[in-house]
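Read off the chains here:
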Protein chains: 2
Amino acid sequence: VIAFASRWLETPAHVSERAGELPAGFRAAGVAAGLKPSGARDVALLVADAPETVSAARFTRSGVLAAPVVLCKERTRLEAIRVVVANSGNANAATGRRGLEDAARMQGAAAMAAGVREDQVAVASTGVIGLPLDVREVIKGIAAARPQLRADGAEDFSAAIRTTDAFAKDVAVDVALPSGTVRLTAQAKGAGMISPAFATMLCFVQTDAALSVEIADLLLGVCVKRSFDRVSVDGQLSTNDTAILMASGASGVVVVPESDDELRFGEALDWALRRLALAIVSDGEGSRRIGRVLVRGADEPAVATAARAVANSPLVKAALHGGDPNWGRIAQAVGGALHDVPLALDIWIEETQVCAGGVAVPFDEAALALAVSGEEVEYTVALGGEGAEAEVFFSDLSHDYVTINADYTT
Amino acid sequence: VIAFASRWLETPAHVSERAGELPAGFRAAGVAAGLKPSGARDVALLVADAPETVSAARFTRSGVLAAPVVLCKERTRLEAIRVVVANSGNANAATGRRGLEDAARMQGAAAMAAGVREDQVAVASTGVIGLPLDVREVIKGIAAARPQLRADGAEDFSAAIRTTDAFAKDVAVDVALPSGTVRLTAQAKGAGMISPAFATMLCFVQTDAALSVEIADLLLGVCVKRSFDRVSVDGQLSTNDTAILMASGASGVVVVPESDDELRFGEALDWALRRLALAIVSDGEGSRRIGRVLVRGADEPAVATAARAVANSPLVKAALHGGDPNWGRIAQAVGGALHDVPLALDIWIEETQVCAGGVAVPFDEAALALAVSGEEVEYTVALGGEGAEAEVFFSDLSHDYVTINADYTT
């Protein structure tokens, strides 16, 4: 469980952190199968015992999809996933027909190990692109993981899905709903700042609440949009991004549509995924600061485009790294993204307005320099107009990013 | 005149480099007016003596426009520019109404100095954003430049428009057209890799060919699209980008529409602007290599989007810097840009195919590592289909980029 805190993240009153077991109905394991040269854990298995388990899934929108993503989208009943099998060390991407067959072999082996139908197994991979997967070792790993499946196996599972992550990104909480308390756990991987393995994001969420397929899909969709879709590492989409929510119903607490239970459960899931997404942004060698840009305006696509442009700008990221309150770069990034339309921006860094109606305003330079020297820096941009708002969290651009990404391949 | 060579740039047979004077009908000067703390030249003046001089102009599409760009677009007869006045050291951007007035003052002073109408004066600025321009010093500079206007003043003019450029970016050639030889000179500024001053690109082109307004506009538009629009520094649009072509007609060689003269003149202009654009990409502390990505496919917007995505990807840029033939990053950048559509990419690095139909193909790793260790690296991507093609030239991502951009402000 991570001890990650951010001023942009407030734990709801009905959510209590408690380390310990997976929600009732789940068992997990993670083993070392030899895919990682380091000998660390690299094959992960998660099993939901109850046949009535429901699920939802979201995948990368990249046009270049890894084999396990293609397999899941085409061959897995995404509303009825009982098993997740994942490996780290090899992304099984750009591996062609053989890659699809290897993903299918993982699916088959995990189905046999867990005693479920193969179309109830989701497969995920992360690691190097373009190298064939050593599927024989993965299958041996699945066999080794099977007898180790335990209710307290989340940490091993989580370790086996990580690649360059500097720290674990797990959540384990009790959620007090009006109808009773449920358990919610989640394991994520992804290192924000440095992304030699293409910053693949994997996230698996388990709960013993009883969710309908529709609620599971709706809540996962909304919460992914507000978390993993709202962070920028380097503006890159991965070939392998996968998020899966599974609900066993074993608590007996039924979450009815449009109830207070649904609202509270949604708040807890939202908090959990945003926490994991922020942890991904903050991870990585050399990452010194996290930025948050909030853009307000009249038009939904425009505010989202502007927020992403600021978060992806290498000039803004480098200034964030250097503790440099260079607001001209914010103006330039927004102007470049929303081109052909004259803009009269208002810009704030932390609480200080630095630009009003497109014109520089005097500010206390020493105070602002101090304000941007902390671990989190907030930028606010008003395009004019009201009704639309978008935020994006982003990492800085450091020397270590260059060092690591200039020399990483096979 | 730059001694810049690239394998991606072939000098047409009818274009001969010859250092020396501006085309007949032009005089230029550049002086130090105290805007640059270094005391280097920072006010530039260019005058076309002939009333029949025609011109064309292109500006940044940014939504955040600097005052001189707004002034030129609204208050200058862009087809009849007789004078260019430019300053470096201050971009006169995000300076509000005062900035517009200061740009108008520059226009007025230059009109008086050259004895032309104020609406025949183009104004350009480059430097720091958000600080008021010391227009009094600029006006003194214009007064000082006036008596120094000379036919051999291009070098001083060029020095006075540069900011962080490590080397001059000038072209001076004779162009042998079927109807006679004309002179073509150009001065550009912009440092590709490092862009603390927002990588503003300024380019001024002079010729003594007689061009109609329509031909001047058409040729400048086409050639800017194939040059300055096809380079990526860090995916950022500047607030101040300006390109101006002026034709005095003093050679007596009249370029008639759809003639061989027009074709040959267009080739020369295309070569000149592409050379300057490549020089901009290659400039900068720490820039080690230039990349060229060529994307082929069936759909014009898709190939352009994919090429820009590769050129702007920090992962691709860092790999270019490190001499790392990491083609997975090319696949990932294209996939991320053209999302929601399955892609089966073919990818080549230099002459070596590394990916076919989305699948890795074996290649000689030692040979490819050697191939990407040169100063220029070429990437080719085929999306499938034919008929559309886009190229983008780009700089690498180095430690010095981070160093310079993390700590630069006022």
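Please read all numbers here as calculations on a predicted model, not as lab measurements. (Residues numbered from 1 in each chain as written. Chains lettered and ligands numbered in written order. Predicted model: local features only at pLDDT ≥ 70, side-chain atom pairs only at ≥ 80, totals over all residues. Heavy atoms only, no water.)

Enquirer: It is not clear to me how the interface of chain B and chain A should be interpreted in this structure. Could you clarify?
Expert: Contacts between the two partners involve 53 residues from chain B and, on the opposite side, 53 residues from chain A. The tally of links between chain B and chain A comes to nine residue pairs in polar contact (both at pLDDT 80 or more). Elements with a minimum of two residues in the side of chain B that touches chain A: helix 8 (314-322), helix 9 (328-337), strand 15 (359-360) and helix 11 (399-407) of chain B. Its residues placed into classes, the side of chain B that touches chain A shows 25 nonpolar, 22 polar and six charged. (Contact = heavy atoms within 4.5 Å. Polar contact = N/O pair within 3.5 Å; in protein donor to acceptor, adjacent residues only side chain to side chain. Helix = DSSP H or I, 4+ residues; strand = E, 2+ residues; numbered from the N terminus. Nonpolar A, V, L, I, M, F, W, Y, C, P; charged D, E, K, R; others polar.)

Enquirer: Would you explain unusual backbone geometry in this entry?
Expert: Negative phi characterises most residues that are not glycine, and trans characterises most peptide bonds. Residue and element names in this part refer to chain B. Unusually for a residue other than glycine, Glu 258 sits at a positive phi of about 60°. You can see Glu 258 is positioned in the loop between strand 11 (242-247) and helix 6 (260-282). Given the relative accessible area of 79%, Glu 258 is considered exposed. Here Glu 350, not a glycine, exhibits a phi torsion of approximately 50°, which is positive. (Buried < 20%, exposed > 50% of the residue type's maximum accessible area, 1.4 Å probe, protein only.)

Enquirer: It is not clear to me how the packing of helix 2 (residues 96-114) of chain B against helix 3 (residues 135-145) of chain B should be interpreted in this structure. Could you clarify?
Expert: In helix packing, the relevant descriptors are the interaxial angle and the interaxial distance, both defined with respect to the helix axes. Residue and element names in this part refer to chain B. The N-to-C vectors of helix 2 and helix 3 enclose an angle of 15°; their axes lie 10 Å apart at closest approach. Judged by the inter-axis angle, helix 2 sits roughly parallel to helix 3. At the point where helix 2 passes helix 3, the crossing takes the right-handed sense. Contacts between helix 2 and helix 3 pair Asp 102, Arg 105, Met 106, Ala 109, Ala 110 and Ala 113 from the former with Val 135, Val 138, Ile 139 and Ile 142 from the latter. For the contact of helix 2 with helix 3, the per-class residue count stands at eight nonpolar, no polar and two charged. (Axes fitted to C-alpha atoms, helices over the stretch in contact; angles between N-to-C directions. Parallel < 35°, antiparallel > 145°, perpendicular 65-115°, else oblique. Left-handed = near helix turned anticlockwise from the far one by under 90°.)

Enquirer: Would you mind going over the relation of the copies chain B and chain A with me for this structure?
Expert: Between the two chain copies there is a screw-like relation: a rotation about an axis and a shift along it. Under the fitted operation, chain B is carried onto chain A by 0.0 Å of movement along the axis and a turn of 180°, and the coordinates agree to an RMSD of 0.0 Å. Each copy turns onto its partner about a two-fold axis. When C-alpha distances to the rotation axis are compared across chain B, the minimum falls at His 399 of chain B, with a value of 2.7 Å. Taken as a fraction of all interface residues of chain B, those also at the interface in chain A reach 100%, which identifies the copy contact as same-surface. (Least-squares fit on C-alpha atoms with pLDDT ≥ 70 in both.)

Enquirer: Could you clarify how one ought to interpret the sheet that holds strand 12 (residues 290-297) of chain B in this entry?
Expert: Sheets are built from strands paired through backbone hydrogen bonds, the pairs being either parallel or antiparallel. Residues and elements named next belong to chain B. Read across the sheet, seven strands follow the order 10-17-12-16-13-14-15 without closing on themselves; strand pairing throughout is mixed. Across the chains shown, the open sheet's two edge strands, defined by having one partner strand only, are strand 10 (231-232) and strand 15. When strand 12 meets strand 17 (residues 388-395), the two strands line up antiparallel, connected through eight bridges. Along strand 17, the bridge assignment pairs Arg 292 with Phe 393. Against the sheet, helix 8 contacts strand 10, strand 12, strand 16 (376-382) and strand 17, and its axis sits at roughly 60° relative to strand 17. (Pairing = 2+ DSSP bridges.)

Enquirer: What should I look at first to understand the side chain of Lys 169 of chain A in this one?
Expert: Residue and element names in this part refer to chain A. For Lys 169, the position within the fold is in strand 7 (residues 169-177). A distance of 2.7 Å separates the side chain of Lys 169 from the side chain of Asp 165, its partner in a polar contact. A polar side-chain atom of Lys 169 sits 3.0 Å from the main-chain carbonyl oxygen of Phe 167.

Enquirer: What exactly am I supposed to notice about the side chain of Arg 82 of chain B here?
Expert: Residue and element names in this part refer to chain B. Structurally, Arg 82 can be placed in the loop between helix 1 (67-75) and strand 5 (83-90). Salt bridges are absent for the buried Arg 82, whose nearest opposite-charge side chain, Asp 49, sits at 5.7 Å. Within polar-contact distance, the side chain of Arg 82 engages the backbone oxygen of Asp 49 at 3.0 Å. Apart from residues no more than four positions distant in its own chain, Arg 82 is found in contact with Leu 46, Val 47, Ala 48, Asp 49, Ala 50, Pro 51, Thr 53, Val 116, Gln 120 and Met 246. (Lys, Arg positive; Asp, Glu negative; His and termini not counted. Salt bridge = Lys/Arg side-chain N within 4 Å of Asp/Glu carboxyl O.)

Enquirer: Sorry if this is basic, but what is going on with the environment of Glu 375 of chain A here?
Expert: Turning to its location among the elements, Glu 375 of chain A is positioned in the loop between helix 10 (365-371) and strand 16 (376-382). Here the alpha-carbon distance between Glu 375 of chain A and Val 15 of chain A, two residues 360 residues apart in the chain, equals 25 Å.

Enquirer: I keep staring at the packing of aromatic side chains and nothing clicks. Help me out?
Expert: The geometry of an aromatic ring pair comes down to the distance between the two centres and the angle between the two planes. Residue and element names in this part refer to chain A. Under the criterion given, the structure shown has six aromatic pairs over all chains. A ring pair is formed by Tyr 379 and Phe 394, whose centres lie 6.0 Å apart and whose planes are at 25°; its orientation type is stacked. In this pair, Tyr 379 is assigned in strand 16 and Phe 394 in strand 17 (residues 388-395), connecting sequence segments 15 residues apart. Each member of the pair, Tyr 379 as well as Phe 394, carries the same accessibility label: buried. Its end group placed over the ring of Phe 167, Lys 169 keeps NZ or CZ at 4.6 Å from the ring centre. (Phe/Tyr/Trp six-rings, centres within 6.5 Å; stacked < 30°, edge-to-face > 60°. Lys NZ or Arg CZ within 6 Å of the ring centre and 35° of its normal.)

Enquirer: Any chance you could explain the sheet that holds strand 9 (residues 202-207) of chain A here in plain terms?
Expert: Residue and element names in this part refer to chain A. Read from one edge to the other, the open sheet built from six strands follows the order 1-7-8-9-11-4, with strand pairing classed as mixed. Two strands close off the open sheet at either side, each with one partner strand: strand 1 (15-17) and strand 4 (54-59). Averaged over neighbouring strand pairs, the angle between their axes works out to 20° when direction is ignored. Relative to strand 7, strand 1 runs antiparallel, the two being bridged by three bridges. Of the residues in strand 7, the one forming a bridge with Glu 17 is Val 173.

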